[in-house]
Every structure is written in C-alpha cells, then in structure tokens.
Amino acid sequence: MQPICFCCFGDSITSDQVTGIGTVIARKLGAAHLMNAACGYATCSDWHDGDENVTPVTLVEPPNTNTADNVLSNQVRRVLQAITPAGQPVRWTVDGAEYSLDPAVGLGTGTLPQPDVIYIAVSTNDGNHPFNAVRDDFALVARQSYSQLTRNSLASALRWAIQTLQSACPDARIFAATPLQTWTDMPWMSHESGMLKRRLVMDVCRLTGAECIDSFMESGFDAEVARDHGEVHPDEEWKERIACFAAGKIAAALK
C-alpha cells in the first residue's frame, strides 16, 4: 500500500490527549502524513438548548474538557483549515451551495495535503450532559437536506461531518466506527445506550456511503474485557489490539 495521508476525528479514545488509538492506526497503516483532530471529552453532536445550537464555531483546539466547543463539527473545521491553502478562505460546496467560515474565525493554513483516509470514532460521550442528549431522530435526519442539518443530534452531526468531508476531500475513503463497549455505571455508556449509538452510526454510514467499522461488536473489546482492561479507555494491550483491528479493516478496504 502506498503511503497515505490519514486524518482522524474522535474523543479521548482516539485522541493523543488521552489514549491515542487514532495515531496508532495511522502508524499501522504506514501513513506519511497524519492529522489527529480528536479531543478528549468530545461529543459527536453539537451542544444545544432545546432547538438552539449553543456550540461556538472555533478553530481553537480545546483541551480535554467537557465543554460546548469540544465537538466533532469543530474538529472537521480544523481539518478544513489545514487543507485550505494558506491565507485563503475556508470554503466547501454541497448540493451546489457554497459554505464558508467567517474569515474572522480563521483562514486556511495549507499545512496538510488532501487526506486519503478519514477515520471517525466519536459518540462515547454523547448523552453525558442534557445539552448533548442522544435521541433516535434518524428518520428525520434522513429526509433533510444538508442545509437543514442542525447537528443537534448524533445522527445529524455525523451526517453533516461526513458530507462536509466528502465535499472537501472528494478522493478520501471515509470510515466511521461504532463506539467501543465499556464497563461503567455511567448511563450514557450503558450497553443499551451503546447499541442505540451503534445503530445510528451504521444508519448514517448507509445513508452517506461512508464505510462502517463495527468496533462495538467486532473489535473484541466487549464489556467483560473492558472491566479488566481500562473500563472506558483501553489499556496499552487493548489499545494496540483495537488499532490493529481498525487498521486491518481499513487496509482490506483499500486493496
């Protein structure tokens, strides 16, 4: 396989701030270029108060904090900034309509070539706050146009991210992973919650044509394993195993 440019998005399990599985996947794929845009505590959905989106648009990478700016959509915007030529406005086009970032938010940096592979693994933290509660609104999201997407739910935010990246990175292969199972009494990480998130990720992948990696059921990191190997954040042994699983799925798809 030729050296690739690899971008990944996600939460603490993917990010270099905590577990760093995204970077290990890139290493196993022999990536020549890497941008790990994942952040600890990130959610897939934007934060919202009722119907009002309360996530600020920012290109500043947040620390490992449970805050309204720490969401997938801002990770996507940071990658768009990196692949946009230095000093140029950040723009993308979907369904014939042009979208852009306010130049006051930031201009392109030209620090990253066009990605060949994009890996999205985020949803574990969705539901940890009333502002990012998980709901099954896929039927509604599937009927909406891109311009109608609010990102106020997991399905809406993931569809927005995938379609934005498909537009800005037309030659990239996009893979979205279902969440890992956990061993914890936190309700948003329960088996039932994980199954709902898994279904939403799979449904959005089918809708958008992105390729799904079913980490929830196929990675081997089930609740019993999680109990003894990190509970939520896989330990070093399972960090390598999960990265090997995901990299294997990606490499097989690229052949």
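Please refer to the structure placed before this passage.
Below you will find a few notes about this structure. All figures in this text were calculated on a predicted structure; none of them were measured in a lab.

1. So, the nonpolar core
If you look at the biggest cluster of nonpolar residues, it comprises 43 residues, and the most contacted ones within it are F9, L72, W92, I118 and I120. For this core, the secondary-structure elements that each account for two or more residues are β1 (5–10), α2 (72–83), β5 (91–94), β7 (117–121), α3 (138–143), α4 (154–168), β8 (173–177) and α5 (191–208). Ranked by residues supplied to this core, first place goes to α4 with 9 residues. Residue contacts for W92: discarding those within four places in its chain leaves L80, A97, E98, Y99, S100, L101, Y146, W160, T164, S167 and A168. Within the second largest apolar cluster, 26 residues are counted, among which are V117, A243, F245 and A246.

2. Topic: the state of the cysteines
Covalent bonding between the sulfur atoms of two cysteines defines a disulfide. The final tally for this structure, using the stated rule, is 0 disulfides. Free of any disulfide, C39 has its nearest neighbouring cysteine sulfur in C8, separated by 10 Å.

3. Regarding unusual backbone geometry
For Y41, which is not glycine, the phi dihedral falls at a positive 75°. Residue placement: Y41 occurs in the loop between β2 (33–36) and β3 (48–49).

4. Some remarks on the environment of A168
By secondary structure assignment, the location of A168 is in helix α4. With a relative accessible area of 16%, A168 lands in the buried category. Taking C-alpha positions, A168 is 18 Å from A38, a pair spaced 130 residues apart along the chain. In this view, A168 contacts L80, I83, W92 and Q114; residues no more than four positions away in its chain are not counted.

What counts and how
- Residues numbered from 1 in each chain as written.
- Predicted model: local features only at pLDDT ≥ 70, side-chain atom pairs only at ≥ 80, totals over all residues.
- Heavy atoms only, no water.
- Core = buried A, V, L, I, M, F, W, Y, C linked by side-chain atoms within 4.5 Å.
- Buried < 20%, exposed > 50% of the residue type's maximum accessible area, 1.4 Å probe, protein only.
- Helix = DSSP H or I, 4+ residues; strand = E, 2+ residues; numbered from the N terminus.
- Contact = heavy atoms within 4.5 Å.
- Disulfide = S-S within 2.5 Å.

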